[in-house]
Amino acid sequence: MTATKASNFGNRATAILLAGTMLSAVPLAAHAQTAQQTPPAAATDAAPAAPPAIDAAQAAAAVSAPAQQRTITSIRVDGSQRIEPATVLSYTKLQVGQPLSNPLLDQALRDLLNSGLFADVAIDGAQTGQLVIRIKENPLINRVILEGNKHLKSDKITKEIKLAPRQIFTRTAVRQDVTRIIELYRREGRFAANVQPQMVALDQNRVDVVFEISEGPKSKVRQINIIGNEEFSDGKLRKQMATKEARLLTILSSNTSYDQDRMAYDQQKLRQFYLTEGYADFRVTSAVAELTPDKRDFIITYVVEEGPRYKFGDVTVDSDIRDFNGERLAAALPFHKGDWYNAKVVEDSIDSLKETAGLVGYAFAEVEPDFHRDRESLTMGINFHIAQSQRTYVERIDINGNTNTQDKVIRREMRLAEGDAFNSFQVKRSQDRINSLGFFQDKFEIKQNPGSAPDRLVLEANVEERSTGEIQLSAGYSSLERFIIQAGITQRNFRGKGQELRASVNYSSYSKSVQLGFTEPYLFDKSVAVGADVFRRDYNAFNYLGRDRQTTYSQVSTGFQLRAGIPLTEYWSLAGRYQLSYDEVGLDEQFFSDGECDPLKAGRYLCDSLGDRLTSSIGYSLINDSLNSRLRPSAGNRLVFSQDFAGLGGDVKYVRTRLEAAKYWGVGGGFIFSVRAEGGYIFSLEKSRGPGIDKVRIIDRFYLGEPQFRGFDIRGVGPRVQRIPYTTDADGNQTLVTDKDRIYDDALGGKAYYLGHAELEIPLGSGAQELGLRPSIFMDFGALFDVKRPLPTAVFPTHVDADGNTIVDPIINPVLDGEGRPLYIVPTDAADNAGKITTCVTGYADTFGGVCAGSSTNTAYTNSIAPFAERFYGFSWKPRLSVGFGVNWNSPFGPLRIDIAKALLSQPGEDTKLITFNVGGQF
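Let me sum up the structure you'll find in this document. (Residues numbered from 1 in each chain as written. Predicted model: local features only at pLDDT ≥ 70, side-chain atom pairs only at ≥ 80, totals over all residues. Heavy atoms only, no water.)

**Notes on the overall build of the chain**
Here comes step 1: Scanning the chain from terminus to terminus reveals 15 helices and 49 strands.
Here comes step 2: Relative to all contacts within the chain whose residues are 6 or more apart in sequence, the contacts with residues 24 or more apart total 62%.
Here comes step 3: A total accessible area of about 47,500 Å² is found for the chain, and carbon and sulfur atoms account for 53% of it. (Helix = DSSP H or I, 4+ residues; strand = E, 2+ residues; numbered from the N terminus. Contact = heavy atoms within 4.5 Å. Areas by Shrake-Rupley, 256 points an atom, 1.4 Å probe, with all protein chains shown as cover.)

In structure tokens, the structure reads:
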């Protein structure tokens, strides 16, 4: 008789084993053959061997043979390579000396195959009791290879599948992993994805498992149908859903793909919408998603029942907490009897009542609404019941997740301490202050957990740190400055202590500066902020003569500033500062004549600004700040009143006053509206510096333009002097030049200014949000004015030509020597000293002022100033106005801001600018 051979038990193996059991009068070897289902793509696997045939003679002999008791006399394992024979035997119940039966062999085969370690199993020697277990081990996986996956990264797939190198290969595990991969693609909206597994046999009983992936297109939502809606249109209801129809305008959105969980969420959104509109009986009776035959798109159909619309009935509040007056609380609710029912307002009222309880220390107060629906009068009465609760105290404050930031940096922003009575307002304020640090991810919340007793709670701050280092780079192009570049590096959480360290560099044809600063927000762990800045600023003003840029005046400021601040109340604080700077104002040599500033070349207003001066000033700021975030506020306000007094020593005396205000609102739907305004005035304490000269020096005045006033260039707003050269047109007529690059344009600044901004940040779909896009529309308005009109630089002579036109002539000035004597030029055709310069009207002297000899008639040595028209612009308090839109983008290069603004109102001579941008990164 032959032994029985098996892989996995299938129908054929079971039939043969049953036949052997019925013919057990004579020992008959049990035999089983695997019928393991093979995946369709596993074409490289060997086909299972067919079971050996049992002929009629063997069957007859089996029936006629007398029954014999069999016993296992020995057990041997044959074919093991990696698995020890003892391990193989441990999976069976076979033991030497044990009675041998076909059911026992059947169970041994099943146990071995169910272990998943073997591809083929056979037991020989059943008729003699000397059992030989012949095994063929499942191969060992050498590699798992993914092919064809482009939209899902390999590491995301390998984390989900079970097969891995150095594991045992089984067909069951392959089928399970195929199912997992297909499910991953379905989560991504690719329902046409197909996975074909392949097995590549290697030496030493090893295999490579290859998953050939055909991802297919992303299945979009082609159409969303809504049946049963009468009060609201399909379009309005679709806007409430997270899922969007695939359209050209939604190409960037990821919500156009089908997602079963999102579909369930959309049903909740529909119900919430109807409940806010008063339809308390609304329900979605069915929601079906049908896949198109090509598996490319889904069609979603909702069937709804709207029901009647309800109004609020009687609204009452009763409280088991004696500190609360139910009538007063009910009167303070945002809705009353007769208003249309709104479930969102009810939920907000519950939260409001809980917060009210939290303000007086009841952290876990429960507010239970009791609804009284009257279907006849279509009213919904509500009674809010505030259950009895114990006053709660803070038992402990736990801070988790801060790996770099020290605990004390977070704890000092907490408005509650351990042992304090609970106050929900203080918890919210603590949350806002921690968010304002900018050290942690957005949407940070402080959790309230029960403590060790009913009147104790634990505040848990789970923070997630983010990069606090910033590298900022801004670049631009200006008709005035050409290329501009600014760079800065800031670490706002230096050494994890909340300290700020910063450095910035500014370079352009217009200005150059270097600044270093340091701020310690809590000196010696006290609520005292101190800081210092060291700076050097090199500012060059210039204009154009022809096509050549001409530097006008330069200002070099070198100095330092010391700062300190203390809180007065939770929202009010006081900051003080002292600054010492040395300013050097000079002009290019081309604007000097005989060692003196020449107003005809530079302009009288610039000559009056020359000189070196020391400024010693002391100042303060009174600040009120209730913003919920200093980095990206969405609610609250900020008010700053500042004054600086110069004259504490030094050469300059003035009082500079500024006022800033800002207000932010979250207007719903993710929209954030903000209004900001500022203004200032500088008053000189010095005596008059002469006619046409303002007492406030040009370097101390206010300036307005980019970046604070979008739509205008740097220093593009406010008083200025333009010197416009005369030229001759094609017809020979004298006209003023119109080429902006040939006009001298000097911004004078002003002693007074105001500036306002109104901006609306617009939320986008989830696809755009994933890209980090935050667009906004804005309006800027303001003005810069109040400076003394400078005296005219020059009055040019004129004459009338033959056609009766008035012609402006150049100014001819004699050239003098060092002693103030006029100089002359010997004619080029003179016999002696031709072309030489002399002080002699006739003849020539070897030295200036010497005895003249000769008879040549010399011509006066002169220079001429080309005629120009000098215009004073911008002396107006009337508002300038610009409108535009901008986009913040968290680009791969760092945060990028682009603004496009159009100046709608401006004054003559002012410089406008359409596009500005800046980019920065974090580390």
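Let us keep going from here.
**Things to note about the side chain of S424**
Here comes step 1: Tracing the backbone shows S424 in helix α12 (residues 424-437).
Here comes step 2: A residue is classified by how much of its surface remains accessible, and S424, at 16% relative accessible area, is buried. (Buried < 20%, exposed > 50% of the residue type's maximum accessible area, 1.4 Å probe, protein only.)

**As for the nonpolar core**
Here comes step 1: Formed by 25 residues in total, the largest nonpolar core has its most connected members in Y341, V346 and F384.
Here comes step 2: The greatest single-element share of this core, amounting to 5 residues, is contributed by helix α10 (residues 343-359).
Here comes step 3: Within the second largest apolar cluster, 21 residues are counted, among which are L146, I161, L163 and I213. (Core = buried A, V, L, I, M, F, W, Y, C linked by side-chain atoms within 4.5 Å.)

**Some details on a nonpolar patch on the surface**
Here comes step 1: Among the surface-exposed residues, I566, L568, W572, L574, L622, L639, F641 and L659 lie close enough to one another that they form a single nonpolar patch of about 630 Å² accessible area.
Here comes step 2: Listed by contribution, the elements that provide at least two residues to the nonpolar patch are β25 (572-587) and β29 (636-650).
Here comes step 3: Along the chain, L574 turns up in strand β25.
Here comes step 4: For L574, a relative accessible area of 33% corresponds to the partly exposed category. (Patch = residues over 30% accessible without salt bridge, like charges linked within 9 Å, V, L, I, M, F, W, Y side chains within 5 Å. Salt bridge = Lys/Arg side-chain N within 4 Å of Asp/Glu carboxyl O.)

**Observations concerning the packing of aromatic side chains**
How two aromatic rings sit relative to each other is given by the distance of their centres and the angle of their planes.
Here comes step 1: For the structure shown, the criterion picks out 20 aromatic pairs.
Here comes step 2: With centroids separated by 5.7 Å and ring planes inclined at 80°, the aromatic side chains of F273 and Y274 adopt a geometry described as edge-to-face.
Here comes step 3: Take F273: its relative accessible area is 9%, and that puts it in the buried class.
Here comes step 4: Given a relative accessible area of 0%, Y274 falls into the buried group.
Here comes step 5: Measuring from ring centre to ring centre gives 6.4 Å for Y620 and F641, while their planes differ by 55°; the resulting arrangement is tilted. A residue pair is termed long-range when its members are at least 10 positions apart, and Y620 in strand β28 (residues 611-625) and F641 in strand β29 qualify at 21 residues.
Here comes step 6: Judged by relative accessible area, which is 29%, Y620 ranks as partly exposed.
Here comes step 7: Taking NZ or CZ as reference, R309 lies 3.9 Å from the ring centre of W340, over its face.
Here comes step 8: Positioned above the aromatic ring of Y703, the side-chain terminus of R715 is 3.8 Å from the ring centre. (Phe/Tyr/Trp six-rings, centres within 6.5 Å; stacked < 30°, edge-to-face > 60°. Lys NZ or Arg CZ within 6 Å of the ring centre and 35° of its normal.)

**Concerning the side chain of D208**
Here comes step 1: Locating D208 in the fold gives a position in strand β9 (residues 206-214).
Here comes step 2: Side chain to side chain, D208 and R143 meet in a polar contact 3.1 Å long.
Here comes step 3: Ignoring sequence-local partners within four residues, the contact set of D208 consists of N142, R143, Q198, M199, V200 and L202. (Polar contact = N/O pair within 3.5 Å; in protein donor to acceptor, adjacent residues only side chain to side chain.)

**Considerations on the pattern of salt bridges**
Here comes step 1: Using the criterion set out here, one finds 42 salt bridges in the structure.
Here comes step 2: Across the pair R710 and D899 runs a salt bridge whose closest N-O atoms are separated by 4.0 Å. Residue R710 is found in the loop between β31 (671-684) and β32 (720-728), and its partner D899 is found in strand β48 (residues 894-905); the two are separated by 189 residues along the sequence. Each member of the pair R710 and D899 is classed as buried.
Here comes step 3: A salt bridge links E761 to R774, with the shortest nitrogen-to-oxygen separation between them at 3.4 Å.

**Re empty space enclosed by the protein**
Here comes step 1: Counting across every chain of the model gives 4 cavities of 30 Å³ or more.
Here comes step 2: Partitioning the lining of the largest cavity into residue classes produces 6 nonpolar, 2 polar and 6 charged. (1 Å grid on protein atoms, 1.4 Å probe; cavity = no way out; pocket = protein on both sides within 12 Å on 5 of 7 lines; lining within 4 Å. Points joined across faces, edges and corners; volume = space filled by probe spheres on them. Nonpolar A, V, L, I, M, F, W, Y, C, P; charged D, E, K, R; others polar.)

**Notes on the state of the cysteines**
Here comes step 1: Scanning all chains against the criterion turns up 1 disulfide.
Here comes step 2: Here C840 connects covalently by a disulfide to C852, the sulfurs 2.0 Å from one another. Note on the C840 and C852 pair: the S-S dihedral is about -95°, so by sign convention the disulfide is left-handed. Of this pair, C840 sits in the loop between β41 (837-838) and β42 (842-844) while C852 sits in the loop between β42 and β43 (853-857); the two residues are 12 residues apart in sequence, bridging distant segments of the chain.
Here comes step 3: Residue C840 is classed as buried on the basis of its relative accessible area of 0%. (Disulfide = S-S within 2.5 Å.)

Geometric descriptors of this kind do not, in isolation, establish any biological role.
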